[in-house]
Amino acid sequence: MSELMDARRPAPARATSSAATAPGVAEPTTGTPRVVYFNIDGDLDYEHALLEQWGMTDRIDLVDAKPGDNRPDTFVKAVGDAEGVVVEYFEVTNPVLDQLPHLKIAAVQAIGSSNIDPDAATAHGVAVTNAPGFCSPDVALHTVGMIIDLVRKISFLDRSVRAGSWDPMLGGLPHRITGNTIGLVYFGSIPKLMVPMLQAMGLRIVVFAPTKSAEYLAEWGVEKVDTLDELLAVSDIVSLHTPLMAATHHLIGVRELALMKPSAFLVNTARGAVVDEPALVDALRDRRIAGAAIDVIEDEDHERSELFGLDNVVITPHAAFISTESLADGKRIALEQLVQRLVAGKRPANLVNTELEIG
């Protein structure tokens, strides 16, 4: 598949008479299914280049819809009788799906798909797909960069110099990171890529991952802890890598923050709602933990948080996943799923609601 689809630079279209060059496609179905890209940033030039490369230009119709708001009625009108939709932040709920009887697939160009109700989608026969791993190297590097920033006070000192102070001792002396313990909460593709970088800095790595055995984690050179509480108590740095779901909503709250060392740092490049944000703000203001590095907040719709005003926080605007390559990978993977479902009539490779039966 890789020789057919270079995520960074689509090759010129090859002459072909078969859709079998597309990922997962054996025989095309009849008709031309339509896919609506709803309020997705950018244009669809890359997607069209991929379709041309795969010999699929006439097999699927891509429509760029940017009505400018995320109201349910706007979404329903934009999607209409389309069989596929690509969404980022719009909440696809049961009442919305009730009005879209032709919809067969909702694709997300990201790892998370929490904006789409999986049970409602399954009940309506709609496949939900995501793009696992599309940005893992980027988030891993960003997270490690934030850890270094926190420990070495890089952003803090940069701000102080720009404000007119040339004082390397401002904010107290940092501690050397070598020999400290970092706790990784869950152990998917992102923390796995972080492991060699963290090991190179001389960190002991402990992991809370309920579905992973101690033997499996030992193969990665990390230690399993049985409870989140244990991880919080022993870690000098806590880094969150959980998906957002009912079990992880406000996973870190008042009680959990109280278990952390006063000298410890919290890093969140997962989802904003994994942390109880008011509880974190209070802990940071009262110096009950030393600091935090945050790439995601709870209220990203309005782009506001009390974290913005704290001097012991490093914060970026949900930027950890972004690179030229990751954005291209997300687009390519989503398009693969659409082609598999709508052109081949097959089960998409990255189906999220796995209980859905597809004939």
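Cut-offs used in this document
Residues numbered from 1 in each chain as written. Predicted model: local features only at pLDDT ≥ 70, side-chain atom pairs only at ≥ 80, totals over all residues. Heavy atoms only, no water. Core = buried A, V, L, I, M, F, W, Y, C linked by side-chain atoms within 4.5 Å. Buried < 20%, exposed > 50% of the residue type's maximum accessible area, 1.4 Å probe, protein only. Helix = DSSP H or I, 4+ residues; strand = E, 2+ residues; numbered from the N terminus. Domains from an automatic or database assignment. Contact = heavy atoms within 4.5 Å. Pairing = 2+ DSSP bridges. Right-handed = clockwise from strand over helix to strand, strands pointing away. UniProt positions renumbered as here; feature names shortened; annotations may be inferred. Buried area = accessible area lost by both parts, 1.4 Å probe. Salt bridge = Lys/Arg side-chain N within 4 Å of Asp/Glu carboxyl O. Polar contact = N/O pair within 3.5 Å; in protein donor to acceptor, adjacent residues only side chain to side chain. Nonpolar A, V, L, I, M, F, W, Y, C, P; charged D, E, K, R; others polar. 1 Å grid on protein atoms, 1.4 Å probe; cavity = no way out; pocket = protein on both sides within 12 Å on 5 of 7 lines; lining within 4 Å. Points joined across faces, edges and corners; volume = space filled by probe spheres on them. Phe/Tyr/Trp six-rings, centres within 6.5 Å; stacked < 30°, edge-to-face > 60°.

A. Region of the structure containing the nonpolar core. F75, I147 and L198 are the most contacted members of the largest nonpolar core, which totals 55 residues. For this core, the element with the most residues is helix α5 (residues 136–152), which contributes seven residues. Counting contributing residues per domain, this core is built from domain 1 (34–134 + 325–343) and domain 2 (172–310), each supplying no fewer than three. For I147, the contacting residues outside a window of four places in its chain are I177, I182, M194, L198, I237 and V267. Residues V185, V275, L284 and A292 belong to the second largest nonpolar core, which totals 29 residues.

B. Spatial organisation of the pairing of strand β2 (residues 61–65). Bridge count between strand β1 (residues 34–38) and β2: five bridges; the pairing is parallel. Paired with R34 across the bridge in β2 is D61. With respect to chirality, the unit in which β1 leads through helix α1 (residues 45–54) into the neighbouring parallel β2 is right-handed.

C. Up close: the side chain of N350. By secondary structure assignment, the location of N350 is in the segment after α12 (324–343). Judged by relative accessible area, which is 18%, N350 ranks as buried. Beyond its immediate chain neighbours, meaning those up to four positions away, N350 contacts V128, T129, N130, A131, P132, I333 and Q337.

D. Just the UniProt feature "domain: D-isomer specific 2-hydroxyacid dehydrogenase NAD-binding" (unreviewed entry) in the protein chain, in detail. When the UniProt feature table is mapped onto this chain numbering, "domain: D-isomer specific 2-hydroxyacid dehydrogenase NAD-binding" (unreviewed entry) sits at residues 144–320. The span residues 144–320 shows a helical share of 33% and a strand share of 15%, and its end C-alpha atoms are spaced 10 Å apart.

E. Layout of the domain arrangement of the protein chain. The assigned domain composition of the protein chain is domain 1 (34–134 + 325–343) and domain 2 (172–310). Taking only C-alpha atoms into account, the centre of domain 1 sits 32 Å from that of domain 2. Counting from both sides, the interface comprises four residues of domain 1 and, opposite them, four residues of domain 2. Interface area, domain 1 with domain 2, both sides summed: about 250 Å², of which 50% is carbon and sulfur. Our enumeration of links across domain 1 and domain 2 arrives at zero salt bridges. On the surface where domain 1 and domain 2 come into contact, there are zero residue pairs in polar contact (both at pLDDT 80 or more). For the side of domain 1 that touches domain 2, the per-class residue count stands at one nonpolar, three polar and no charged.

F. The sheet that holds strand β10 (residues 265–268), seen in detail. Spatially, β8-β7-β6-β9-β10-β11-β12 is the arrangement adopted by the seven strands of the open sheet, whose pairing is parallel. The open sheet has two edge strands, β8 (223–224) and β12 (313–315), and neither has a second partner. Where strand β7 (residues 204–208) and β8 come together, two bridges link them in parallel fashion. Residue pairing across strands places V207 opposite K224, the latter belonging to β8.

G. How the structure looks around the layout of surface pockets. Within this model, the second largest pocket holds a volume of roughly 570 Å³. As for the second largest pocket, its lining consists of 24 residues, and the residues nearest its centre are L150, K153, G171, F265 and A290. Among the secondary structure elements, those contributing two or more residues to the lining of the second largest pocket are α5, α6 (154–162) and β12. Here the lining of the second largest pocket is built from residues that sort into ten nonpolar, eight polar and six charged.

H. Structural view of unusual backbone geometry. Phi at N39 takes a positive value of approximately 50°, unusual for a residue other than glycine. With respect to the helices, strands and loops of the structure, N39 is situated in the loop between β1 and α1. The class of N39 is buried, set by a relative accessible area of 19%. In this structure, R287 is a non-glycine residue whose phi angle is positive, near 60°.

I. Structural context of the pattern of salt bridges. Applying the stated rule across the entire model yields 17 salt bridges. Between K261 and D236 there is a salt bridge whose closest N-O contact spans 3.0 Å. Of this pair, K261 sits in the loop between α10 (254–259) and β10 while D236 sits in the loop between α9 (228–234) and β9 (237–240), and the two are 25 residues apart along the sequence. The exposure class of K261 is partly exposed, given its relative accessible area of 26%. The shortest N-O distance in the salt bridge between R304 and D299 comes to 2.9 Å. Counted as one network, the salt bridges with shared partners bring together D69, R71 and D73.

J. How the structure looks around the packing of aromatic side chains. In this structure the tally under the stated criterion is six aromatic pairs. Ring geometry for F38 and F75: centres 4.9 Å apart, planes at 85°, overall edge-to-face. Residue F38 is located in strand β1, and its partner F75 is located in helix α2 (residues 72–79); the two are separated by 37 residues in the primary sequence. Residues F38 and F75 agree in their burial class; the two are buried.

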